[in-house]
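# A look at the structure
Listed here are the chains, written in short residue letters.
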Amino acid sequence: MKNFLVKTIANAGALGVAVWVLDKITLTGDSTGKKIGTLVVVALLFGLVNFLVKPLVKVLTFPLFILTLGLITLVVNALMLLLTSWLADKFDLSFHVEGFWTAVLGGLIISIVSWALHMVLPDED
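Owing to the predicted nature of the structure, the values given are computational and were not obtained by experimental measurement.

Moving on, we come to the nonpolar core. Counting 30 residues, the largest nonpolar core has Leu 15, Ile 25, Leu 81, Phe 95, Val 97 and Ile 110 as the members making the most contacts within it. Of all elements in the fold, only α1 (2–21), β1 (25–27), α2 (32–52), α5 (72–90), β2 (95–97) and α6 (100–120) reach the threshold of two or more residues within this core. Considering each element in turn, this core owes the most residues, 7 residues, to α5. Once residues lying within four places of it in the same chain are set aside, the contact partners of Ile 25 are Ala 18, Val 19, Leu 81, Phe 95, His 96, Val 97, Thr 102 and Gly 106.

Scanning the entire structure with this criterion turns up 1 aromatic pair. Centroid distance Phe 100 to Trp 101: 5.2 Å. Interplanar angle 75°. Geometry classified as edge-to-face. Residue Phe 100 is classed as partly exposed on the basis of its relative accessible area, which comes to 30%. Of the residues examined, Trp 101 reaches a relative accessible area of 67% and is grouped as exposed.

Close contact between α2 and α5 brings their axes to 9 Å; oriented N to C, the two are set at 130°. Classified by the angle between their axes, α2 and α5 sit oblique to one another. You can see that α2 and α5 cross each other, and the crossing is right-handed. Residues Val 42, Leu 45, Phe 46, Val 49 and Asn 50 of α2 touch α5, and the partners they reach there are Met 80, Leu 81, Leu 83, Thr 84, Leu 87 and Ala 88. Of the residues assigned to the contact of α2 with α5, the class counts are 9 nonpolar, 2 polar and no charged.

About the cut-offs
- Residues numbered from 1 in each chain as written.
- Predicted model: local features only at pLDDT ≥ 70, side-chain atom pairs only at ≥ 80, totals over all residues.
- Heavy atoms only, no water.
- Core = buried A, V, L, I, M, F, W, Y, C linked by side-chain atoms within 4.5 Å.
- Buried < 20%, exposed > 50% of the residue type's maximum accessible area, 1.4 Å probe, protein only.
- Helix = DSSP H or I, 4+ residues; strand = E, 2+ residues; numbered from the N terminus.
- Contact = heavy atoms within 4.5 Å.
- Phe/Tyr/Trp six-rings, centres within 6.5 Å; stacked < 30°, edge-to-face > 60°.
- Axes fitted to C-alpha atoms, helices over the stretch in contact; angles between N-to-C directions.
- Parallel < 35°, antiparallel > 145°, perpendicular 65-115°, else oblique.
- Left-handed = near helix turned anticlockwise from the far one by under 90°.
- Nonpolar A, V, L, I, M, F, W, Y, C, P; charged D, E, K, R; others polar.

As structure tokens, this is what we get:
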């Protein structure tokens, strides 16, 4: 349970950094508390998308992983972020990613920040 909580906090922090750095990834809300709550819910949604959809996409695109020496990971991460944005819209959450290239850059930022936070935060169960 602690590992799940740490991963959710790391994802929320990484999403927060992406929102802060990129103008075309938006998070709106009346108060800071509402924005933090939305980030946590979006982080849970992002984790669910990465848990359920990303492995299937990786298996289906395995030849592209070999052909591009793994660079297709940037595209897969961008697609997962766009899917999260679309689902957030369906759940009436105030999180939006505008455009594919913004999603590529946002996915890269989220990956780097999430990795750094996982290095700092404890991860034992």
